[in-house]
2 protein chains.
Amino acid sequence: MLDKNSLIPLYVQLENLLLEMIESGELKVGDIIPSENELSKNYSISRMTAKKAIDNLTIKGFLERVKGKGTFVIGKEKKIELPLNRLRGFTQKVKEMGLIPKNIVPILERRKADKKLAKLLGIDENEDVWYMERIRQIDDTPAVFEQSYIAISLLPNLTRKDLMSSKFEYVRSQGLEISDSDREISAEIPDDYVASSLHLKRNEPILLAECITYLKGGQVLEYSTIFYNQKKYRFKLYAD
Amino acid sequence: MLDKNSLIPLYVQLENLLLEMIESGELKVGDIIPSENELSKNYSISRMTAKKAIDNLTIKGFLERVKGKGTFVIGKEKKIELPLNRLRGFTQKVKEMGLIPKNIVPILERRKADKKLAKLLGIDENEDVWYMERIRQIDDTPAVFEQSYIAISLLPNLTRKDLMSSKFEYVRSQGLEISDSDREISAEIPDDYVASSLHLKRNEPILLAECITYLKGGQVLEYSTIFYNQKKYRFKLYAD
DNA sequence: GAGTGGTCTAGACCACGTT
DNA sequence: ACGTGGTCTAGACCACTCT
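Residues numbered from 1 in each chain as written. Chains lettered and ligands numbered in written order. Predicted model: local features only at pLDDT ≥ 70, side-chain atom pairs only at ≥ 80, totals over all residues. Heavy atoms only, no water.

Chain A has the name GntR family transcriptional regulator in an unreviewed UniProt entry, where Fusobacterium mortiferum is given as its organism.

Set out below in structure tokens:
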């Protein structure tokens, strides 16, 4: 039961109580949990307080809410492993697993580089750049969402079609060779646009990489922000 | 102004409005934003609705709430860069920057390996293992929180003092050589214990690495979960 | 139509920090 | 004493799903 005189907020007490039920196996993966109305009645708290507890466990990845149906315990088994520190081989690795990769390119457009972007790409301010967005899907489930800038002078003939197959191969076909990439990794709550691109709900944490990718010789090819859908995939890394 | 008949919830409208103020420079880093009471009066919404908008922008890293004082716009400049895919050199890198590293070891205790842990470490179930927690601080600000398991048979004489200096060096002094580490990286909302260990508030997203560290020769040395405080530090990676 | 979660209101009391 | 954010209540209306 909950202690109304405790220093610990009621919604935190309820969170912990539900967590215990999950860890003890009383609530199993796939189970529906008591509704907000049931919880508020059973524990003599208001519905808003019960809702706050459930909301918190939802953003922590233990529960999933489905409108009109209820709230369910979800598992943390994400089947497919993808590398975080490899530039190539995404498509190939997916195919090896017998799955179908697909790239969607919602946007490919010309923009002018602002000061910050020009500095990152090693070009002049107001120089033309490509801005592109790409969603990498596996069996129609979005895995990765990329937003990327590349100097137009480097790839003057880029088309959406080139991005729908292998960007790596296209760059090579233009006589350039991708070398490596510096990345900053962080955990973020994405904005609504990114969240919907990856079919995620509001307030779900997500992996973000900000990348500078270099050509052989050290020239900057592209600046990109990459969002990873960890709801369905595991992202692996090798350290030494 | 807000549109009460819109399909977009009022708190989302207010979120976007506050974000525009931040991006336009109307609200600058360090500024206090209008209080919940002011917002609810100015936009003719209830205080709970204003609060929800502010709460969401807080977990997204744009605002910081201070009890008794108000809500402030925070910057995203995190000064110190730390590597995500390097096993050694943390202490040295910090010292190079003229900062003082310190390791706190709240827990070092014997436990029995359960089935899952035994399999990960390549030992028998119920064999003795060390369980240790370590907080790596830089100038008294927690940067990394580690929870780790090591078979006692590998390091029978381990003490808290050994962990307060360099774990890497201690392992070497025992005639073992650390080789590399497989890591799974994810974005999580930490539980209250981890959050308070890193001096973070509830519901702030955090980087998590689950690691298997190997000795030269391929034997498993340790299984660890490492939490990174991205509030104060940037975590970098190199991809090729 | 009944139940669910999503949003919203208009109050209330509290702990905290500033004045 | 006052204003702040933190919690909590007891209602309300809505859109959605299932039957």
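Peer 1: I'd like a description of the side chain of N56(B), backed by residues and values.
Peer 2: The topology assignment puts N56(B) in helix α3 (residues 47-59). Look past the residues within four positions of N56(B) in its chain and what remains in contact with it is R202(A), N203(A), Y11(B) and E15(B). (Helix = DSSP H or I, 4+ residues; strand = E, 2+ residues; numbered from the N terminus. Contact = heavy atoms within 4.5 Å.)

Peer 1: Now, about the interface of chain A and chain B: what can you tell me, with residues and values included?
Peer 2: Contacts between chain A and chain B engage 39 residues on the former and 39 residues on the latter. Contact with chain B buries surface across chain A, with E184(A), L237(A) and D240(A) losing the most and accounting together for 18% of the total. Across the salt bridge formed by R202(B) and E15(A), the nearest N and O atoms sit 2.4 Å from each other. Those elements giving two or more residues to the side of chain A that touches chain B turn out to be α1 (10-24), α3 (47-59), β7 (178-188), β8 (206-215) and β10 (233-239) of chain A. In terms of residue count, β7(A) provides more of the side of chain A that touches chain B than any other element does, ten residues in total. Broken down by class, the residue content of the side of chain A that touches chain B amounts to 17 nonpolar, seven polar and 15 charged. Bridging between β7(A) and strand β10 (residues 233-239) of chain B involves five bridges; their strand directions are antiparallel. Paired with D182(A) across the bridge in β10(B) is Y238(B). (Buried area = accessible area lost by both parts, 1.4 Å probe. Salt bridge = Lys/Arg side-chain N within 4 Å of Asp/Glu carboxyl O. Nonpolar A, V, L, I, M, F, W, Y, C, P; charged D, E, K, R; others polar. Pairing = 2+ DSSP bridges.)

Peer 1: Describe the pattern of salt bridges, with residues and values.
Peer 2: All names here are of chain A. The tally for this structure, following the rule as stated, stands at 42 salt bridges over all chains. Between R172 and E177 there is a salt bridge, with its nearest N and O atoms 3.4 Å apart. On the basis of relative accessibility, which here comes to 40%, the residue R172 falls in the partly exposed class. Among the ionic contacts, a cluster of salt bridges with common partners joins E36, R47, K51, D55 and R65. (Buried < 20%, exposed > 50% of the residue type's maximum accessible area, 1.4 Å probe, protein only.)

Peer 1: Go over the UniProt feature "domain: HTH gntR-type" (unreviewed entry) in chain A with me, naming the residues and quoting the values.
Peer 2: Per the UniProt record, "domain: HTH gntR-type" (unreviewed entry) is annotated on residues 8-76 of chain A. Segment residues 8-76 of chain A splits into 51% helix and 12% strand. End C-alpha atoms: 28 Å apart. (UniProt positions renumbered as here; feature names shortened; annotations may be inferred.)

Peer 1: Any chance you could break down the protein's contact with DNA strand C for me, citing the residues and the numbers?
Peer 2: Taken together, the neighbourhood of DNA strand C is formed by 26 residues, with R47(A), L10(B), Y11(B), S46(B) and T49(B) sitting nearest. Per the 4 Å cut-off to the protein, sugar and phosphate atoms form 72% of the nearby atoms of DNA strand C. K4(B) is positioned with one of its side-chain polar atoms (N or O) 3.2 Å from a phosphate oxygen of DNA strand C. Note that a phosphate oxygen of DNA strand C is positioned 2.7 Å from one of the side-chain N or O atoms of T49(B). Here the surface near DNA strand C gets four residues from one element, more than from any other, and that element is α3(B). Within the surface near DNA strand C, the residues separate by chemical class into seven nonpolar, eight polar and eleven charged. (Near = heavy atom within 4 Å. Polar contact = N/O pair within 3.5 Å; in protein donor to acceptor, adjacent residues only side chain to side chain.)

Peer 1: Can you lay out the protein's contact with DNA strand D for me, pointing to particular residues and giving the numbers?
Peer 2: Around DNA strand D, the structure places 27 residues, and the nearest of them are L10(A), Y11(A), S46(A), T49(A) and R47(B). Counting only atoms of DNA strand D within 4 Å of the protein, the fraction found in sugar and phosphate groups is 70%. For DNA strand D, a base nitrogen lies 3.2 Å from a polar atom in the side chain of R47(A). At 3.4 Å, a side-chain N or O of R65(B) approaches a phosphate oxygen of DNA strand D. Mapped onto the surface near DNA strand D, the elements with two or more residues apiece are α1 and α3 of chain A together with α2 (36-42), α3, β1 (63-66) and β2 (70-73) of chain B. At four residues, the largest contribution of residues to the surface near DNA strand D is made by α3(A).

Peer 1: A description of the relation of the copies chain A and chain B should follow, citing residues and the corresponding values.
Peer 2: Rotating chain A by 180° and moving it 0.0 Å along the rotation axis overlays it on chain B with an RMSD of 0.0 Å. One copy is carried onto the other by what is essentially a two-fold rotation axis. Measuring from the rotation axis to each C-alpha of chain A, the shortest distance belongs to A187(A), at 2.4 Å. Here 100% of the contact residues of chain A are again contact residues in chain B; the copies associate through an equivalent surface. (Least-squares fit on C-alpha atoms with pLDDT ≥ 70 in both.)

Peer 1: Give a detailed account of the nonpolar core, specifying residues and quantitative values.
Peer 2: In this structure, L82(A), I138(A), L207(A), L82(B), I138(B) and L207(B) are the most contacted members of the largest nonpolar core, which totals 38 residues. In contact with L82(A), not counting residues within four places along its chain, are F90(A), V94(A), I138(A), A143(A), Y233(A), R234(A), F235(A) and K236(A). I123(B), A151(B), I152(B) and L176(B) belong to the second largest nonpolar core, which has 31 residues in total. (Core = buried A, V, L, I, M, F, W, Y, C linked by side-chain atoms within 4.5 Å.)

Peer 1: Any chance you could break down the packing of α1(A) against α3(A) for me, citing the residues and the numbers?
Peer 2: Residue and element names in this part refer to chain A. Across the interface, α1 lies against α3 with an axial gap of 8 Å and an inter-helix angle of 55°. Taken together, the axes of α1 and α3 are oblique relative to one another. Helix-helix and strand crossings are classified by hand; for α1 and α3 the assignment is right-handed. Residues L10, Y11, L14, E15, L18 and L19 of α1 form the contact with α3, whose own contacting residues are T49, A50, K52, A53, N56 and L57. (Axes fitted to C-alpha atoms, helices over the stretch in contact; angles between N-to-C directions. Parallel < 35°, antiparallel > 145°, perpendicular 65-115°, else oblique. Left-handed = near helix turned anticlockwise from the far one by under 90°.)

Peer 1: So what about the sheet that holds strand β9 (residues 220-228) of chain A? Which residues, and what values?
Peer 2: Read from one edge of the open sheet, eight strands run β4(A)-β5(A)-β6(A)-β9(A)-β8(A)-β7(A)-β10(B)-β3(B), paired in mixed fashion. Each end of this open sheet is capped by a strand with a single partner; those strands are β4 (101-112) of chain A together with β3 (80-83) of chain B. For this sheet, the mean inter-axis angle between neighbouring strands, taken without regard to orientation, is 25°.

Peer 1: Pulling in residues and values, what's your account of the sheet that holds strand β6 (residues 141-151) of chain B?
Peer 2: Within a sheet, neighbouring strands are paired by backbone hydrogen bonds and run either parallel or antiparallel to one another. Ordered by their spatial adjacency, eight strands build an open sheet running β3(A)-β10(A)-β7(B)-β8(B)-β9(B)-β6(B)-β5(B)-β4(B), and the pairing between neighbours is mixed. What marks the edges here is a single partner per strand, and that holds for β3 (80-83) of chain A together with β4 (101-112) of chain B. Between one strand axis and the next, the sheet turns by 25° as a mean value, whatever way the strands run. Pairing between β4(B) and strand β5 (residues 128-138) of chain B: ten bridges, direction antiparallel.

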